[in-house]
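What follows is the residue order along each chain.
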Amino acid sequence: MDENRNGLEPERNAQPGTDNNVKMNQDSGNRKNRGFAKGFLAGVIIAALVVTLVFSVIPRAGVSYGKNQALLDRETERKVEALSSFIQENYYEDVDVEEIRNGLYQGLFDNLDVYSCYYTPEEYKELFETTLEGSYSGIGASLQQDEETMAVTIVHVYEGTPAEEAGLQEGDMIIRVDDYDTSSMELAEVVSHIRGEENTTVHLEFYRGSEKMSCDVSRRKMSLPTVESEMLSDGIGYISVSEFTDATTQQFSDALAELSSEGMNSVIIDLRMNPGGVLTTACDMLDEILPEGLIVYTEDREGKKDEIYSTDEKSLDIPLVVLVNGYSASASEIFAGAIQDRGAGTIVGTTTYGKGVVQSVRSLDDGSAIKLTTHRYFTPGGTCIQGIGITPDVEIEYQFLGEEGEKYTHELDNQIQKAIEILKEKQ
């Protein structure tokens, strides 16, 4: 989910940092940004956000604006009031009328897509403003949600975090957070229940394969690295990017510089299990790799295009392989798609997630807000990957080459070994 709040970029659904944390990022200004609102970002069930505006809530019903069909005609109003009266008079418990109203607002979005939704003032403040200020604590895991099944899965557990200490693993499917059933929740709501005050605990129930498990996880504030790097044999650099956050660009630049100083003559960039994040970060990173040219563009339903270009200030003139899999989503797919379409490297692994739509978040004057899918994004070659994903140049399913119980190493990862093989041929 990529979102843009007039330069502020909250990342939603499979967010960067801890537990799909919303991040704040300003456009760095070192890239040609043609038509995009500042701070365009992306993430997996996160979808890109083009513009955030404040507009008045118009209370009048039965009024048609432009070519739009009026929703609340007199018959509809009478029916809604009759249903509300019946509920208030006959429901077995007292009813909060404000909650019914909020349900009506949310209902407008329920028949759209999984990314579009309504936020009450309290939800909006918690999910955006509070998180942007950093006043939250998490468990140290990144989550992703399946668009069709709504299943919420852990895609990354950070080292030295409460999530790792509690024994959570990549692939665990969360079904309950405290007393909340996650089966019909949007990912952001799941995340909001996982986050909480520092030094409190959250109870998680989840499936690991077919086995149902549970654990209590403490919450604490943390700053998590998103880039890890090392030099492999024969001058091959390896850079793993777990998410695209506002801090990732510098971490990536530092990793490139360090590996270059060690004599790197080719590089693997590992985006497997990367659910996305801040799109401006992905584009800034691509600007360090690609010569001047198109990185990504979006289109609205009228076909209007907005484009982001790389500059000619930097480029990476060494052989490159990008590793992806089915959990590589949104900004990861934009990254891989740009590399593939621009012929800058070889994509290796399995088909990516297929998140190719963009959301706009608009705040209302009563403190509430809406998020609506408004655009599709396209790779430089004109491919919209929504529901399709990026097909690797070299398709290879992951296989652990070691014995059962043996500790993971790069030497036992068949996809990394395939990447090394490809790079050696190009050296």
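Residues numbered from 1 in each chain as written. Predicted model: local features only at pLDDT ≥ 70, side-chain atom pairs only at ≥ 80, totals over all residues. Heavy atoms only, no water.

## Looking at the environment of Val 152
- Among the secondary structure elements, Val 152 is positioned in strand E6 (residues 152–157).
- It is 8.5 Å that separates the C-alpha atoms of Val 152 and Asp 172, two residues lying 20 residues apart in sequence. (Helix = DSSP H or I, 4+ residues; strand = E, 2+ residues; numbered from the N terminus.)

## Points about the packing of helix H7 (residues 248–261) against helix H8 (residues 279–287)
- One way to put it is that H7 packs onto H8 with a least axis distance of 9 Å and a crossing angle of 25 degrees. The angle between H7 and H8 places the two elements in the roughly parallel class. The handedness of the crossing between H7 and H8 comes out as right-handed. Here Thr 248, Thr 249 and Phe 252 of H7 lie close against H8, whose contacting residues are Thr 281, Asp 284 and Met 285.
- For the contact of H7 with H8, the per-class residue count stands at two nonpolar, three polar and one charged. (Axes fitted to C-alpha atoms, helices over the stretch in contact; angles between N-to-C directions. Parallel < 35°, antiparallel > 145°, perpendicular 65-115°, else oblique. Left-handed = near helix turned anticlockwise from the far one by under 90°. Contact = heavy atoms within 4.5 Å. Nonpolar A, V, L, I, M, F, W, Y, C, P; charged D, E, K, R; others polar.)

## Some points on the pairing of strand E10 (residues 211–218)
- Direction of pairing for strand E9 (residues 201–208) relative to E10: antiparallel, over a ladder of eight bridges. What sits directly across from Leu 204, in E10, is Cys 215.
- Between the end of E9 and the start of E10, which pair antiparallel, lie two residues, with Gly 209 showing a positive phi angle near 70 degrees. (Pairing = 2+ DSSP bridges.)

## A look at the environment of Asp 179
- Within the fold, Asp 179 resides in the loop between strand E7 (173–177) and strand E8 (180–181).
- Between the C-alpha atoms of Asp 179 and Leu 204, which are 25 residues apart in sequence, the distance is 9.2 Å.

## What to know about the environment of Thr 383
- With respect to the helices, strands and loops of the structure, Thr 383 is situated in the loop between strand E20 (369–378) and strand E21 (394–395).
- In this structure Thr 383 comes out as partly exposed when scored by relative accessible area, which is 39%.
- Apart from the residues lying within four places of it in its own chain, the contact partners of Thr 383 are Tyr 377 and Phe 378. (Buried < 20%, exposed > 50% of the residue type's maximum accessible area, 1.4 Å probe, protein only.)

## Considerations on a negative patch on the surface
- Judged by side-chain charge, Glu 159, Glu 164, Glu 228, Glu 230 and Glu 411 come together as a negatively charged surface patch.
- Along the polypeptide, Glu 228 turns up in strand E11 (residues 227–231).
- Since its relative accessible area comes to 48%, Glu 228 is described here as partly exposed. (Patch = residues over 30% accessible without salt bridge, like charges linked within 9 Å, V, L, I, M, F, W, Y side chains within 5 Å. Areas by Shrake-Rupley, 256 points an atom, 1.4 Å probe, with all protein chains shown as cover. Salt bridge = Lys/Arg side-chain N within 4 Å of Asp/Glu carboxyl O. Lys, Arg positive; Asp, Glu negative; His and termini not counted. Charge placed at Lys NZ, Arg CZ, Asp CG, Glu CD.)

## Quick look at the packing of H8 against helix H9 (residues 331–341)
- At a minimum axis separation of 9 Å, H8 and H9 run at an interaxial angle of 25 degrees. With respect to H9, the axis of H8 lies roughly parallel. For H8 against H9, the interelement crossing comes out right-handed. Only Ala 331, Ile 334, Phe 335, Ala 338 and Ile 339 of H9 make contact with H8, whose side of the interface consists of Leu 279, Ala 282, Met 285 and Leu 286.

## Focus: the nonpolar core
- Counting 38 residues, the largest nonpolar core has Ile 269, Val 322 and Phe 335 as its most contacted members.
- Within the residue set of this core, elements represented by two or more residues are strand E12 (236–241), H7, strand E13 (266–270), H8, strand E15 (293–299), strand E17 (320–324) and H9.
- At six residues, the largest contribution of residues to this core is made by H9.
- Apart from the residues within four sequence positions on either side, Phe 335 is in contact with Phe 244, Ile 269, Leu 271, Ala 282, Met 285, Leu 286, Ile 289 and Val 322. (Core = buried A, V, L, I, M, F, W, Y, C linked by side-chain atoms within 4.5 Å.)

## Looking at the packing of aromatic side chains
- Applying the stated criterion to the full structure yields four aromatic pairs.
- Here the aromatic rings of Tyr 297 and Phe 378 are separated by 5.0 Å at their centres, their planes lie at 10 degrees, and the arrangement is stacked. Remark: Phe 378 occurs in strand E20 and Tyr 297 occurs in strand E15; sequence separation between them is 81 residues.
- For Tyr 297, a relative accessible area of 7% corresponds to the buried category.
- The exposure class of Phe 378 is buried, given its relative accessible area of 12%.
- The ring of Tyr 297 is capped by Lys 305, whose NZ or CZ atom sits 4.8 Å from the centre of that ring.
- The cationic tip of Lys 355 hangs over the ring face of Tyr 115; the distance from NZ or CZ to the ring centre is 4.8 Å. (Phe/Tyr/Trp six-rings, centres within 6.5 Å; stacked < 30°, edge-to-face > 60°. Lys NZ or Arg CZ within 6 Å of the ring centre and 35° of its normal.)

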